[in-house]
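Per-entry structural report
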Amino acid sequence: MNKKLTILYGIMLILILSACGQTSSNDGKSAQKNKPGSEEPRIASLSIHLTNDLLALGITPVGSVIGGELKDFLPHVKDQLKDTEKLGPVKDPDMEALIELSPSVIYLDKEFSGQDVSKYEKIAPTHVFNLDEGTWRDHLKSVGKLVDRQRQAEKFISDYEKQTKEVKDLIENKLGEGSKVMAMRVTAKELRVFSTKRPMGPILFQDLGFKPANGVEDIDKNLPYEVISQEVLPDFDADAIFVIVNGDDESQTAFKQLEDTPIWKGLKAVKGKHVYVVPDQPWLDYSALGNKMALDNAKEIFSK
Amino acid sequence: MLHTLSLKEFKNRSNVFLLMCLFILVILGLVVSMFLAVTFGAKEVTFNTVWSAVFNYNPTLTQQQIIHELRLPRVIGAALVGAAFAVAGALMQGVTHNPLADAGILGINAGSMFVVALSFAFFPNIPYSLLMLFSFIGAVLSTLCIFVIGSSVPGGLTPIRLTISGAVIAALLHSLSSGVAIYYDLSQDLAFWYAGGVAGIKWNHLKVLVPIILIAIFWAISLGRSVSLISMGNDISTNLGVNTNRIRILGMIIAVILAGVSVSAVGSIGFVGLVIPHISRKLVGGYYQLIIPMSALLGSILLILADLGARTLNPPRELAIGIMVALVGVPFFLYIARKVGRNL
Amino acid sequence: MKYLMNADNKRAYTVTMVFILMSIVAVLISLNTGTLRISPLKVIQTLFGYGDFKSSTVLFDYRMPRILITMLAGVGLGISGAILQGLSRNPLADPGILGLHAGASFGLIIFVTYFHSLDEKASILIPLFTFSGGVLTAFLIVLLAFDRYKGIPPIRLILVGIAISAGFSAITLFLSLRLDEETYSFASRWLVGNVWGRDWIHVIALFPWILILAPYAWFQSNTLNALSLGDDVAAGLGASVQKQRLLMLVTAVGLSCASVAMAGGIGFIGLVAPHLARRLVGPMYQHFLPVAGLIGLIILVLADTIGRSIFQPNAIPAGIVVAAIGAPYFLYLLTKTK
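Every value quoted in this text rests on a predicted model; they were computed, and no experiment measured them.

1. Considerations on the packing of helix α3 (residues 53-88) of chain C against helix α8 (residues 200-219) of chain C
Residues and elements named next belong to chain C. Where α3 meets α8, the axes come as close as 9 Å, and the angle between the chain directions of the two elements is 30 degrees. Classified by the interaxial angle, the pair formed by α3 and α8 is roughly parallel. α3 and α8 meet at a crossing whose hand is left-handed. Across from Pro-65, Leu-68, Ile-69, Leu-72, Ala-73, Val-75, Gly-76, Ile-79 and Ile-83 in α3, the residues of α8 making contact are Trp-200, His-202, Val-203, Leu-206, Phe-207, Trp-209, Ile-210, Ala-214 and Ala-217. Split by residue class, the contact of α3 with α8 holds 16 nonpolar, two polar and no charged.

In structure tokens form, the structure reads like this:
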């Protein structure tokens, strides 16, 4: 019995000793970081899309989640987020980093972290956005309302509409009116054709006024894309093809191989030299800023 | 020479006619399934187009291009890889006395996978031939591991131990591959790769695959007689002057070459090497000189049909071929496992 | 004989004590690790209720539940592995090899593929689906391995497990290819053992399983000893072999499925922990079962701590850390023991 007690005391002693031993080394660091917020709201965004909506309004969030696969901010906005704290991947945000940041307000995407808002509300007032409802314009307006920059939001949207008209003209010069397009993505093992849903659908088929190529509208409207077999590529009979090639080398090689096949060479769009390889970001980023940058990209492509 | 076998061989000869018929039938089956696989697909093509695409190729017609550039290499690839996996399985079953041996179950495919994951991460742009070499090295390493572990447990290398140590190694390598994939952003690419598919096979792959696999299969057939002796037990074969260990090692090397090369081309497709040799054994008896070619033919047929199923069940989408094979393979494994278990 | 038993007892006692100590240290290290730096003194202050808002939220809401989950799951997996190795009389058996993990993964994939709309209740539904997946697999394995005359022969148990595992993995792989990238990266992390449960509700859900089943297994040590020696010995010692085996199997399945449902598909702990424990205190279940549980706890707590601290910002799932450290050591062990 005595032995047990000795061990117990021993454990406690070690606990206390280890605790005291480390105290001095760590204290300095924890004190530094808690600066009080300035007059600007310290926004922590837990959605990469909301982050980019904020950037479109000229607000840099103090913290933002990162793209899970990328392990970083999206490449097209990375340099605007130099001072922004990384809050982990969107599906598994780093709560400790969030609390350390002491944001004054938190923006959530309902799809990813909307289920336990109380966790966030404990840290700061929280706004939940349902990005599945409405377009990026609606999202931008509601963000604008919250940060009191409605005018900037309106201006951003009207600038965007103005620019779409420009780009539309450029496209008509190049491709003629009412041309049918498809957007596809080449991954290492698959060919995916985008549906008329976001991310690719709205900008191509609504903003830029393209007609969907044969069969694009048949793709399940609830899915962003469908995987197809190379064999049916000619059936789409598209006048122009937007191709997104994944950044990894496997996909690049896969696309090169695809380009070498006679089937590809025989496509109408390929023969007419209307294949446009576009980067995955910003084209797949369905946010205000992402769409704007995609539009810039389209302008560049078609003004050549 | 080979007195013990002469009686059986005599019996065998009386069945030569039947066997001939059987082989001709299976070859016919192979031709028919290849034909079906070339004809049916996501896009409908007429018989005439197929015929002229194969025998009178006109590269300017889209329809013929589809046949020639997409379906033909794919079907030939499926046939080759099916044969390779099946022969590898037959060899492994023969030289290890293990009715449960199969490149997928034994964890050899997992070894290839791991090395491929590493090369995806560190040398993303390596040419196909080098990837194949890496894949082979991975297969060899995991095979070595499995055998060392299987025989280190007291009692030596029994079929069951081999299977279990294979499963352990496979689990280990699989989680390491996932780790590499997660850290280097390859997750889903690697999963696609792993799920296996013959869709990606092009003529330039076939240029490498055809000679290696064919040579390895013929080599395996030439080893057939010695393998049958080994499979009857160590005593018989040593009495007959067969160098057991040499044949064992050779057999495993061929099996690993076949499995490694195939994995590098189409990913991991399990169960072919398990199911096919068993069926072949039922058909032609315990003679590996017959089992091996029969396995090659049946393996080709299985994979061609599985791929055809994968393409046509839900067009224009494609299912993963590995799943199709597993659907057949798992019940079969359970059946054999029950039989093996009963004898223990 | 009696003296020997005593010596064994003593050794087991000391080893257990040492491991309890190590567990406490591991837990303390883990409590001190995270993005937000909190000094050990402050940790202790906070634990006794004198912390500020930040440190108490971080400790009580984020770190504590996660650590408790890893502790409980580690114990569950370690003990479950120890039971399964005895039942199958095979040193290489563990819940992962037997296909229970594959079943749980299958459950997860079914959830994220077909019940995506129920995401709001994910924190309750995911454990439910994965647990049912694991139990379903166990049920299938027993059903297929069952023989009218022999009951469940140990070897067949493993072989059937491997086949079922391969089959479920194939389906899981197939379905996971259809997921979008974010969901896939979540699922793939889960599959390789990312400690998933982080909330108190998960701790509360897991706690009773471990609290009831782990001691129950320990009280049944003699049965386990007998079963691991072989059916004849077990029958000779008066244990109703088939019934006992089934009962212990259910215990092991309950422990591992509950743990996996909360912590993700973590392999190798069930393999390594009992091995190490047996080497340290011998093959008697009353001695090595608690040690196996403690080793499982230490491994998992440390693996999770390493995974979420060293590899920031993209934490590496604990399961991979366990595999990367535990598996090579295990291979070394195997080649050593003749």
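2. Details of the domain arrangement of chain A
All names here are of chain A. Per the domain assignment, the segments of chain A are domain 1 (43-148) and domain 2 (170-303). Contacts between the two partners involve twelve residues from domain 1, matched on the other side by twelve residues from domain 2. In terms of residue count, the dominant contributor to the side of domain 1 that touches domain 2 is helix α2 (residues 48-56) (five residues). For the side of domain 1 that touches domain 2, the residue count by class is seven nonpolar, four polar and one charged.

3. Some points on the sheet that holds strand β3 (residues 85-89) of chain A
Residues and elements named next belong to chain A. Ordered in space as β3-β2-β1-β4-β5, the five strands form an open sheet in which the pairing is parallel. Across the chains shown, the open sheet's two edge strands, defined by having one partner strand only, are β3 and β5 (126-129). Adjacent strand axes in the sheet meet at a mean angle of 20 degrees, parallel and antiparallel pairs treated alike. The strands touched by α2 within the sheet are β1 (43-46), β2 (63-66), β4 (105-109) and β5, with β1 carrying the most contacts at an inclination of about 140 degrees.

4. Details of α8(C)
Residue and element names in this part refer to chain C. Under the 1.5 Å per step criterion, the end-to-end length of α8 is 29 Å for 20 residues, consistent within 8% with the ideal 28 Å. By the largest-angle criterion, Leu-206 marks the main kink of α8, which is about 30 degrees, and a proline, Pro-208, follows within four residues. Listed as buried for α8 are His-202, Ala-205, Leu-206, Trp-209, Ile-210, Leu-213, Ala-214 and Ala-217.

5. Quick word on the pairing of strand β7 (residues 191-194) of chain A
Each regular strand carries side chains that alternate between the two faces of the sheet. Residues and elements named next belong to chain A. Bridge analysis of strand β6 (residues 180-186) against β7 gives three bridges, and the strand direction is antiparallel. Note on β7: the bridge partner recorded for Arg-185 is Arg-192. The pairing of β7 with strand β9 (residues 225-228) spans four bridges and is classified as antiparallel. By the bridge assignment for β9, Arg-192 is matched with Val-227.

How each quantity is defined
- Residues numbered from 1 in each chain as written.
- Chains lettered and ligands numbered in written order.
- Predicted model: local features only at pLDDT ≥ 70, side-chain atom pairs only at ≥ 80, totals over all residues.
- Axes fitted to C-alpha atoms, helices over the stretch in contact; angles between N-to-C directions.
- Helix = DSSP H or I, 4+ residues; strand = E, 2+ residues; numbered from the N terminus.
- Parallel < 35°, antiparallel > 145°, perpendicular 65-115°, else oblique.
- Left-handed = near helix turned anticlockwise from the far one by under 90°.
- Contact = placed C-beta atoms within 7 Å.
- Nonpolar A, V, L, I, M, F, W, Y, C, P; charged D, E, K, R; others polar.
- Domains from an automatic or database assignment.
- Pairing = 2+ DSSP bridges.
- Expected span 1.5 Å × (residues − 1).
- Bend = angle between axes of the 7 residues up to and from the residue.
- Buried ≥ 20, exposed ≤ 12 C-beta atoms within 10 Å, placed from the backbone.

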